[in-house]
Amino acid sequence: MLTVTLPMRVIAGMALVLSSVSATATNSETNNDIKATLNASTYIVFDQVHVLPMTSAAGETEQRVLRDQRVLVKGDRIVAVGNVTNIAIPDGAKVIAGNGRYIMPGLAEMHGHVPPLADFSGVPKRYLNDVLTLYLAGGVTTVRGMLGHDQQLRLKDDIASGKRLGPTLYLAGPSFNQHTVTSAEQARQRVREHKQQGWDLLKIHPGLSLEHYQAIADEANKQGIDFAGHVPEAVGIEQAIVLGSRTIDHLDGYMAALGGFEKALSADDMTPLVALTKQHNVAVVPTEALWQTIIGAADSAQLQAYDELKYMPAQVIAGWQRYLQAASGSYYTGETASVHAENRRLLLGALYQAGVTILLGTDAPQLFSVPGLSLRREIPKMTEAGISNYDILRSGTVLVGEYFADKDQFGQVKAGQRADLLLVDGNPLEDLSVLYHPAGVMVRGHWLSREYLDARLADIAAARMAERSVP
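Residues numbered from 1 in each chain as written. Predicted model: local features only at pLDDT ≥ 70, side-chain atom pairs only at ≥ 80, totals over all residues. Heavy atoms only, no water.

### With respect to the overall build of the protein chain
(1) Moving on: Across its full length, the protein chain carries 16 helices and 16 strands.
(2) Moving on: Sorting the 471 residues of the protein chain into buried and exposed places 55% on the buried side.
(3) Moving on: Considering only contacts within the protein chain whose residues lie at least 6 apart along the sequence, 76% involve residues at least 24 apart.
(4) Moving on: In the form shown here, the protein chain has an accessible surface area of approximately 18,700 Å², with 49% of it arising from carbon and sulfur atoms. (Helix = DSSP H or I, 4+ residues; strand = E, 2+ residues; numbered from the N terminus. Buried < 20%, exposed > 50% of the residue type's maximum accessible area, 1.4 Å probe, protein only. Contact = heavy atoms within 4.5 Å. Areas by Shrake-Rupley, 256 points an atom, 1.4 Å probe, with all protein chains shown as cover.)

Next up, the structure:
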């Protein structure tokens, strides 16, 4: 039997060395402990865990679960994964006893929003950090931020360097729309500026003309930067696909082209656009749960009963309540909302069956969509569309890693990957709800126990309660 031998050493200055710690994290980590682990270079070992490596492709069944494994992490990297009999535990390692729990890659939010560093519409100053914490508490270790704000690139760097705790951010810059784009040449110049400033992609909003959209697409291709988001009405879904939008978000472009807001659609109606999407390798971020609310198809009483609302500021909740009381806007479909919602479900299923890449996203924080915790609302909608448990997991892990392959290696549990991990109490291939209350979360090698997450959530809820009590 071959044993993997690793350096055995204790890192000087380590604030906390444990020979064993339970997966329910009875080690009572303080804020100082958390800060220490950000800079520690000792090993962290997940022992006696079943691993979902997410290395099997869609439709494959081989090695979906590796039993009785050890996962070794050092710094922000996974350095080894193997059977407990083949991998030694390094001296001085912090050992997290899995006790037969399951470990998998951290999840991604592929259409999320992060508040700016500056004042944000009068909400509490702590709101930014609370949003970052909520993402992590929901198992979200990577966020594709879809609307940039001033200084947000500094926020991204602060998180990456460990100055601030949060998910890894990949950020779109400020919006491209009819107000920010005034000519084809100005559109090109703006693309170049976003590339030079360091944004990861361009955010497309409604209102652009076809000419301006074509200029953005052409210059983005020249500069090597993605563009994604909405489909402007004057552009249309076919042109957005052909011109290279990296993702189509929210499915609205399809509905507009097919007349899906008001009439029931057939499989034959959808087939040409589904085939075009697959042909051009365009991915889709459905955000189905939120869009049911926006179009008027969601159950109002159910929305208002969501337990996670206690983590959001009163001002934000009040705005959401006002929408329910007087829903309107270009996406609201009122009396035909149920038909519209069913068309979206059928379209998502058709895209999935055709092999189009589906990426997990919720567009949080938006109407009754709380960062991180919104996954528990989105994932059931994906199930309703016929997507398998394994492919739902793929949509938020390995497929996101492939999307950002030029940025880093993550989304799988194997050596060399970024150490973004979820420890869960059951097998998500059998029950996806185990994702909603992880036993712990690791982000870039930084371990957050369940105890720590619960304490942070309780603190956020208490702060929200106190804010509501202020006259």
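The rest of the description comes next.
### Quick look at the pattern of salt bridges
(1) Moving on: All told, the structure shown has 27 salt bridges when counted by the stated rule.
(2) Moving on: Residue Asp252 pairs with Arg344 through a salt bridge whose shortest N-O separation is 3.4 Å. Linking Asp252 in helix H7 (residues 252–258) with Arg344 in helix H12 (residues 337–353), this pair joins segments that are 92 residues apart in sequence. In this pair, the class of Asp252 matches that of Arg344, namely buried.
(3) Moving on: The partner of Glu308 in a salt bridge is Arg377, and the shortest N-O contact between them spans 2.8 Å. Taken together, the positions of Glu308 in the loop between helix H10 (300–304) and helix H11 (314–325) and Arg377 in helix H13 (residues 375–384) put the pair 69 residues apart, joining distant regions of the chain. (Salt bridge = Lys/Arg side-chain N within 4 Å of Asp/Glu carboxyl O.)

### So, the sheet that holds strand E7 (residues 107–112)
(1) Moving on: The strand order across the open sheet formed by three strands is E7-E8-E9, and the pairing between neighbours is parallel. On the outer flanks of this sheet lie E7 and strand E9 (168–171), each paired with one strand and no other. Ignoring which end each strand starts from, the neighbouring axes of this sheet average 20 degrees apart.
(2) Moving on: Examined bridge by bridge, strand E8 (residues 140–145) and E9 share four bridges and lie parallel to one another. (Pairing = 2+ DSSP bridges. Axes fitted to C-alpha atoms, helices over the stretch in contact; angles between N-to-C directions.)

### A word on the nonpolar core
(1) Moving on: Within the largest apolar cluster, 119 residues are counted, with the highest numbers of intra-cluster contacts made by Ile216, Tyr254, Trp320, Leu351 and Leu435.
(2) Moving on: At eight residues, helix H2 (residues 127–137) tops the list of elements feeding residues into this core.
(3) Moving on: Beyond its immediate stretch of four places on either side in the chain, Trp320 contacts Leu309, Met312, Gln366, Leu367, Phe368, Ser369 and Val370.
(4) Moving on: Counting residues in hydrophobic clusters, the runner-up holds 16 residues, among them Val51, Leu423, Ala439 and Trp447. (Core = buried A, V, L, I, M, F, W, Y, C linked by side-chain atoms within 4.5 Å.)

### Focus: the pairing of strand E5 (residues 94–97)
(1) Moving on: Here E5 shows a buried face lined by Lys94 and Ile96 and a second buried face lined by Val95 and Ala97.
(2) Moving on: Two elements, strand E2 (residues 43–51) and E5, share four bridges in a ladder whose sense is parallel. Bridging from a neighbouring strand, Val45 pairs with Val95 of E5.

### A few points about the packing of aromatic side chains
The relative placement of two aromatic rings is captured by the distance of their centres and the angle of their planes.
(1) Moving on: Inspection of every chain in the model, using the stated rule, returns eight aromatic pairs.
(2) Moving on: Taking the centre distance of 5.7 Å and the plane angle of 85 degrees together, the rings of Tyr213 and Phe227 count as edge-to-face. With a gap of 14 residues between them, Tyr213 in helix H5 (residues 210–223) and Phe227 in strand E11 (residues 226–229) connect regions that are remote in the sequence.
(3) Moving on: Exposure remark for Tyr213: the relative accessible area of 1% places this residue in the buried category.
(4) Moving on: With a relative accessible area of 5%, Phe227 lands in the buried category.
(5) Moving on: Both rings, one in Tyr403 and one in Phe404, keep their centres 4.6 Å apart while their planes meet at 75 degrees; by these two values the pair is edge-to-face. In this structure, Tyr403 and Phe404 share a single accessibility class: buried.
(6) Moving on: Aromatic ring contacts, followed pair by pair, group Tyr170, Tyr403, Phe404 and Phe410 into a single cluster.
(7) Moving on: Stacked on the ring of Tyr390, the Lys or Arg Arg64 has its end atom at 3.9 Å from the ring centre. (Phe/Tyr/Trp six-rings, centres within 6.5 Å; stacked < 30°, edge-to-face > 60°. Lys NZ or Arg CZ within 6 Å of the ring centre and 35° of its normal.)

### Description of the confidence of the model for the protein chain
(1) Moving on: Overall, the predicted model of the protein chain reaches an average pLDDT of 90, with 90% of residues at or above 70.
(2) Moving on: Under a pLDDT of 50 for its full length, residues 1–40 has, in the predicted model, 75 contacts with residues more than four places off or in other chains. (pLDDT = per-residue confidence, 0-100.)

### As for the pairing of strand E3 (residues 66–74)
(1) Moving on: Taken together, the six bridges between E2 and E3 define a ladder with antiparallel strand orientation. By the bridge assignment for E3, Val45 is matched with Leu72.
(2) Moving on: Taken together, E3 and the strand that follows it, strand E4 (residues 77–83), pair antiparallel across an intervening segment of two residues, in which Gly75 is found at a positive phi of about 65 degrees.

### Examining the layout of surface pockets
By rolling a water-sized probe across the atoms, one finds the places where empty space is left.
(1) Moving on: In this structure, the largest pocket encloses a volume near 420 Å³.
(2) Moving on: Around the largest pocket, the lining is made up of 23 residues, and of these Gly355, Val356, Thr357, Ile358 and Leu399 lie nearest the centre.
(3) Moving on: A per-class count over the lining of the largest pocket returns twelve nonpolar, seven polar and four charged. (1 Å grid on protein atoms, 1.4 Å probe; cavity = no way out; pocket = protein on both sides within 12 Å on 5 of 7 lines; lining within 4 Å. Points joined across faces, edges and corners; volume = space filled by probe spheres on them. Nonpolar A, V, L, I, M, F, W, Y, C, P; charged D, E, K, R; others polar.)

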